[in-house]
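Notes for the structure review
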Amino acid sequence: FANYCMIMVGVFSKILIIDFGFQTVGFIIGYLKNTEKFYDLTGSLTYLTLLGTALKLRSKAPTTMQLVQAGLAGIWASRLGYFLFSRVMQVGEDKRFRAIKQNTPRFWF
């Protein structure tokens, strides 16, 4: 059990580092350009990357059910990310971020 816990800590640590890296890069781009247009797209790409990473870092092969669930979650994340990104590009802004963009720590997290 202790060995399994250590393996899981290693997997979660790698996923956390990847997640933080993606979100930090997305924040820097958004902050420098003073835009939130890439917020949802970055979130979807991060989610898809973490989904694939979690499957790859497993100590054993994923089951068919896990692959189906991951595939459906990936389709959902892709569709949602594309929809939100397309919408913000058409409208020109996401109204939710008007005040948030002015507060750097809040915009980052």
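In what follows, the accompanying structure is described. Keep in mind that what you see is a predicted model, and the values were worked out from it rather than measured.

One turn of the α-helix equals 3.6 residues, which is why residues spaced by three or four share an orientation. Here helix α2 (residues 39–56) is 18 residues long and its end C-alpha atoms lie 26 Å apart, about the 26 Å a rise of 1.5 Å per residue gives. When α2 is considered as a whole, its buried residues turn out to be Asp40, Thr42, Ser44, Thr46, Leu50, Leu51 and Thr53.

With 28 residues, helix α3 (residues 64–91) should reach 40 Å at 1.5 Å per residue; the first-to-last C-alpha distance of 40 Å fits that figure. Among the residues of α3, those classed as buried are Ala70, Ala73, Gly74, Ala77, Gly81, Leu84 and Val88. At its buried positions, α3 is contacted by α2. Following α3 by one or two positions, Gly92 adopts a phi angle in the positive range, close to 105 degrees.

Turning next to the environment of Phe83. Summarising the element assignment, Phe83 is placed in helix α3. Classification of Phe83 by relative accessible area gives partly exposed; the value is 43%. Residues Phe83 and Phe22, 61 residues apart in the sequence, show an inter-C-alpha distance of 20 Å.

A cluster of nonpolar side chains, namely Met65, Val68, Leu72 and Ile75, defines an oily patch on the protein surface of about 410 Å² accessible area. Note on placement: Met65 falls in helix α3. For Met65, a relative accessible area of 53% puts it in the exposed group.

What counts and what doesn't
Residues numbered from 1 in each chain as written. Predicted model: local features only at pLDDT ≥ 70, side-chain atom pairs only at ≥ 80, totals over all residues. Heavy atoms only, no water. Helix = DSSP H or I, 4+ residues; strand = E, 2+ residues; numbered from the N terminus. Expected span 1.5 Å × (residues − 1). Buried < 20%, exposed > 50% of the residue type's maximum accessible area, 1.4 Å probe, protein only. Contact = heavy atoms within 4.5 Å. Patch = residues over 30% accessible without salt bridge, like charges linked within 9 Å, V, L, I, M, F, W, Y side chains within 5 Å. Areas by Shrake-Rupley, 256 points an atom, 1.4 Å probe, with all protein chains shown as cover. Salt bridge = Lys/Arg side-chain N within 4 Å of Asp/Glu carboxyl O.

Spatial relationships are all this shows, so hold off on functional conclusions.
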